[in-house]
Each structure stands twice: as structure tokens, then as C-alpha cells.
Amino acid sequence: APLGVPWRRGGDLPVAYNFLKDKDLSKDGRPIGSYYNHPAKRLMSLVASALNFVIKHTKVDSLQMNTCGELTERVRQMNEMLLDSDTVCRNVYTGDVKNAYTALDHDVVREAVSWLLAEFQMQGRGGRSHLNIHKKERTVHPGKCWGDNKEWLRISLEDIQRLIDFDLRHAYLRLGDKVLRQVIGVIMGSSLSPPLFNIVCMYYENKALTKLPKRHR
């Protein structure tokens, strides 16, 4: 069992299905792959919990919000910064990133994850080389082994990177009697996909924001 987390015996490849949008039924849409029977579903879910912990506890310049409840505080902070110019943020616009999951370049995903894990470890003063994840509750603690090994998964940041690379290289879907490999994008339906997309966004946002003068951030 990799890292002490057994794979599901009798598991199967994700089965692709599709939801068409009412506004444009002429388009084929994008396949969604159910990971319900994936052999490594449990392990990948634990890694997703680890990534969400890293996202939340790494301080970098980005527009990342961990909960929608943070929006009000973000707007308040923006208004305080704009007071000097007698300008107040009165309107908030929302949008959607088109083809967000299915357009991600795998090399960019790897680069973004490597960047964030390095930032996370650097900010932990050497105590963040490993994470401990409770196998049932999904709580995460950094550093030394935490609790009973049977209840906790202890995983290094290097192993997290390796498992993400494994998932990207083995992104297979079953479509009818065919088996397809997704070479661009991440599979919608994998527990890893949401945090990976967020990390890529943080990576590019950080690149853009660090180029701006501090007074404009």
C-alpha cells in the first residue's frame, strides 16, 4: 500500500459523462470523470486535503480566498487603501474562467505546485518538510509525526509532488468501449483538480502582483 494507504481492490478507471449547457446545446461540452471507483481515490483525497492546507497556510501575494466569507473583509481593506484618493469600491464583479480545468497545461501545474510547496516549506523555518493528515477527519498538521500511524498519513512535500505528477501522467478516462488519456487539463471529478486549479491561479497572480509597485497592489 503506497504510504500506508491501500488502493481499492476491484477499482476502475473514471467513467466519463457530460452535462450540456442549456445556453448552448450545440457544443459538445467537456467530459466529467467520476473518481468514485478510482483505485487511488482515498490517497488522492488525502493529498487534496494536504494541498488545501498548504494553500491556506502559505503567505504569498495572490487574490486567493479560502472562503466566500473573506470577500467582505477584502472589500473593506480595499476601501481603506483607496481613501487617500477619495475613491471607494462600490461594485464587485464576478466572472468565470472559461475551460478552467480542461485547459491547464500539465507542466505549468507541476511548476506551480513546486513553487507553492517551496514557499510553504521556506516559511515554516525547516519544520514543514512533512504533513500529517488524519485519514478519516482530513485534519492536517505540519512537522513531526502526529498521533497513531494507523490513523494518520505522514507524507513529505516531495511525495506530494510525485503523487500529483503520477496523477497527471495517468489521467485516464473510460468512454464507452474506449480508454482515453487527458494530456491537457485535469479531470473534472478528481479531488485534486480544485486545489490544483487554485494553485495555478495563485502562481500567475503572484507573478503579476510582484511586478507592481507596492502602492498599486
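In this report, the structure presented in the accompanying data block is examined. These numbers come from a predicted model, not from an experiment. (Residues numbered from 1 in each chain as written. Predicted model: local features only at pLDDT ≥ 70, side-chain atom pairs only at ≥ 80, totals over all residues. Heavy atoms only, no water.)

With that settled, the discussion passes to empty space enclosed by the protein. Tallying each qualifying case throughout the model produces 1 cavity of 30 Å³ or more. Of the pockets and cavities examined, the largest cavity occupies roughly 50 Å³. Lining of the largest cavity is provided by Tyr35, Asp167, Leu168, Ala171, Gly185, Val186, Ile187, Ser190, Ser193 and Leu196. Put simply, the parts of the chain that give the lining of the largest cavity at least two residues each are α4 (157-169) and α5 (193-209). Tallied by class, the residues present in the lining of the largest cavity amount to 6 nonpolar, 3 polar and 1 charged. (1 Å grid on protein atoms, 1.4 Å probe; cavity = no way out; pocket = protein on both sides within 12 Å on 5 of 7 lines; lining within 4 Å. Points joined across faces, edges and corners; volume = space filled by probe spheres on them. Helix = DSSP H or I, 4+ residues; strand = E, 2+ residues; numbered from the N terminus. Nonpolar A, V, L, I, M, F, W, Y, C, P; charged D, E, K, R; others polar.)

This paragraph deals with the pattern of salt bridges. Going through the model one piece at a time under the given rule, you end up with 6 salt bridges. Here Arg174 makes a salt bridge to Asp12, at a shortest N to O gap of 3.0 Å. Here the residue Arg174 occupies a position in strand β6 (residues 172-175), and Asp12 occupies one in the segment before β1 (15-17), the gap between them amounting to 162 residues. A residue is classified by how much of its surface remains accessible, and Arg174, at 30% relative accessible area, is partly exposed. On the basis of relative accessibility, which here comes to 31%, the residue Asp12 falls in the partly exposed class. Notably, a salt bridge pairs Asp159 with Arg162, separated by 2.7 Å at the nearest N-O pair. With a gap of 3 residues between them, Asp159 and Arg162 both fall in helix α4, about one helical turn apart. A relative accessible area of 22% means that Asp159 is categorised as partly exposed. (Salt bridge = Lys/Arg side-chain N within 4 Å of Asp/Glu carboxyl O. Buried < 20%, exposed > 50% of the residue type's maximum accessible area, 1.4 Å probe, protein only.)

All right, on to the packing of helix α3 (residues 106-123) against α4 then. Put simply, α3 and α4 touch, their axes get as near as 11 Å, and they point 165° apart. Taken together, the axes of α3 and α4 are roughly antiparallel relative to one another. Here α3 runs over α4; the crossing is right-handed. Residue-level contacts link His106, Val109, Arg110, Val113, Ser114, Leu117, Phe120 and Gln121 of α3 to Leu157, Ile160, Gln161, Ile164, Asp165, Leu168 and Arg169 of α4. Of the residues in the contact of α3 with α4, the class split is 8 nonpolar, 4 polar and 3 charged. (Axes fitted to C-alpha atoms, helices over the stretch in contact; angles between N-to-C directions. Parallel < 35°, antiparallel > 145°, perpendicular 65-115°, else oblique. Left-handed = near helix turned anticlockwise from the far one by under 90°. Contact = heavy atoms within 4.5 Å.)

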